[in-house]
Amino acid sequence: MNATIATAKEIQKMDPVFGQISFDDHEQIVFCNDKDTGLKAIIGIHNSVMGPALGGTRMFNYSNEWEALNDVLRLSRGMTFKSAITGLNIGGGKAVIIGDAKTQKTPELMRKFGEFVHSLSGRYITAEDVGMETADMDLVRDVTPYVTGISEERGGAGNPSPVTAFGVYMGMKAAAKQQFGSDVLTGKKVLVQGIGHVGEALVEYLTKEGALVTISDINEERLYEVGKKYNATVYSGNDVYAEEVDIYAPCAMGATINDATIHKIKAKVIAGAANNQLANEVVHGAILQERGILYAPDFLINAGGIINVYAELAHYGKAEIMAKTENIYNTTLEIFDFAIANKMTTHQAALTIAQQRIAERKLANSK
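As the structure is a prediction and not an experimental result, all values here were calculated from the model.

Quick look at empty space enclosed by the protein
Rolling a probe over the atoms, with the probe sized like a water molecule, indicates the empty space that remains.
Part 1 of the reasoning: Overall, the coordinates contain two cavities of 30 Å³ or more when judged by the stated rule.
Part 2 of the reasoning: Estimated volume of the largest cavity: approximately 140 Å³.
Part 3 of the reasoning: Around the largest cavity sit 17 residues that line it, and Gly78, Asn276, Glu281, Asp298 and Phe299 are the ones nearest its centre.
Part 4 of the reasoning: Counting residues per element, the ones that place at least two in the lining of the largest cavity are helix H2 (65-86), helix H9 (298-301) and helix H13 (346-366).
Part 5 of the reasoning: Ranked by residue count, the leading element in the lining of the largest cavity is H2, at six residues.
Part 6 of the reasoning: In terms of residue class, the lining of the largest cavity is built from seven nonpolar, five polar and five charged.
Part 7 of the reasoning: Reported here for the second largest cavity is a volume of approximately 40 Å³.
Part 8 of the reasoning: Lining the second largest cavity are Leu191, Val240, Tyr241, Glu243, Val245, Tyr248, Ile265, Lys266 and Ala267.
Part 9 of the reasoning: Classifying every residue of the lining of the second largest cavity by side-chain character gives seven nonpolar, no polar and two charged.

Some words on the UniProt feature "binding site: NAD(+)" (unreviewed entry) in the chain
Part 1 of the reasoning: Here the UniProt-annotated "binding site: NAD(+)" (unreviewed entry) positions come out as Gly194, Ile195, Gly196, His197, Val198 and Gly199. For the largest pocket, the lining residues drawn from the annotated set are Gly194, Ile195, Gly196, His197, Val198 and Gly199.
Part 2 of the reasoning: Mapping Gly194 onto the fold places it in the loop between strand S6 (189-193) and helix H6 (197-209).
Part 3 of the reasoning: If sequence neighbours within four positions are ignored, Gly194 has contacts with Gly199, Ser216, Asp217, Cys251 and Ala252.
Part 4 of the reasoning: Its location among the elements puts Gly196 in the loop between S6 and H6.
Part 5 of the reasoning: Not counting residues within four places of it along the chain, the set of residues in contact with Gly196 comprises Asp217 and Arg222.

Parameters at a glance
- Residues take numbers from 1 onward in each chain, read along the sequence in its written order.
- Thresholds applied to this predicted model are a pLDDT of at least 70 for local features of residues and 80 or more for the giving and counting of side-chain atom pairs; totals over whole chains, interfaces and linings are not thresholded and use all residues.
- Processing note: side-chain calculations cover all non-hydrogen atoms of the structure and skip hydrogens and water entirely.
- Only protein atoms enter the 1 Å grid, on which a cavity is a set of points fitting a 1.4 Å probe that cannot get out and a pocket is an open set with protein on both sides within 12 Å along at least 5 of 7 lines, lining residues being those with an atom within 4 Å of a point.
- Grid points are joined across faces, edges and corners, and a volume is the space filled by probe spheres set on the points.
- Secondary structure follows DSSP: runs of H or I at least 4 residues long count as helices, runs of E at least 2 residues long count as strands, and numbering of each begins at the N terminus.
- Each residue is assigned to one of three groups, with Ala, Val, Leu, Ile, Met, Phe, Trp, Tyr, Cys and Pro labelled nonpolar, Asp, Glu, Lys and Arg labelled charged, and all others, Gly among them, labelled polar.
- UniProt positions are given in the numbering used here, feature names are shortened, and annotations may be inferred rather than shown by experiment.
- In what follows, a contact means two residues having at least one pair of non-hydrogen atoms within 4.5 Å.

Here it is in structure tokens:
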């Protein structure tokens with residue numbers, strides 16, 4: 001499937017769900033509305049062949065409902081392949097809540113959302129994502145067991161962000177080894193775009209190793225706060241994509257690699273935490289390959305968070321969480337080798353292996 005970003009005008013011309021450009025044979029889309037709390041949410045279950053759909057809930061102030069639907073379709077699809085490539089026995093799902101997390105999120109709204117999750121009887125298991133905190137998952141846990149990423153005090157694995165960052169760091173080191181001949185990041189110029197919970201944790205890993213880190217974010221106050229904390233350079237130029245760096249790490253929203261940016265990028269490696277980094281997986285993946293830029297597939301290297309929350313379902317501890325996340329390094333190198341051997345982009349390679357695993361499970365389930 002060619003994943004592209006459609007404009008709001010283009011989206012409105014399509015059929016509501018099945019005609020969406022990001023619809024990829026999703027099994028179930030659930031629209032949730034509650035007048036009393038103001039909740040407007042969409043839950044997307046993409047594929048449950050490997051197991052119940054697991055994926056975080058994102059609260060974001062979307063400009064319209066079509067944009068929210070497009071996002072949940074893309075994100076839930078990505079979760080299917082993220083879990084499959086990581087070897088987890090879970091399917092892919094995601095949820096979005098339309099609204100400003102800073103001003104509109106309330107305990108009542110989160111519990112009401114939990115009730116909608118509960119109504120699906122375990123077909124979808126939620127966790128935290130953009131705009132969410134561990135405390136929010138604890139509120140959801142008040143009304144349903146179908147939630148992961150709850151606090152350690154309540155028996156959960158806690159905040160997945162540091163684990164996500166560790167996985168991205170491992171994937172980045174693997175990409176550096178492939179592209180530069182060494183996985184040592186000391187002295188490498190790395191641009192981290194987006195310094196939320198995951199981005200900041202990644203900055204910490206990089207600065208500890210001695211990388212030369214530049215940070216960019218729309219929140220100036222946080223930008224200078226993180227810059228001072230880790231002695232990172234705050235980006236002050238006019239075009240972040242044209243910056244002279246070795247590694248570009250997109251850690252904010254998706255689709256930053258698009259028609260407008262892809263020919264500006266001077267980095268030789270792209271490895272970040274953001275989901276759906278390629279606006280068009282086929283077209284932009286091929287252009288990066290032609291330009292000699294090594295792309296570490298996002299749904300592979302940002303899988304640390306799902307590994308962390310899956311631990312609550314599989315009942316393993318912190319040591320195994322970190323070991324499985326560290327193995328992202330080896331899997332990333334395997335994907336690069338597979339891509340070269342089969343003359344395809346790195347994204348196509350990761351997608352192919354994930355799809356093969358799902359197909360094998362589907363065949364086994366049918367016997």
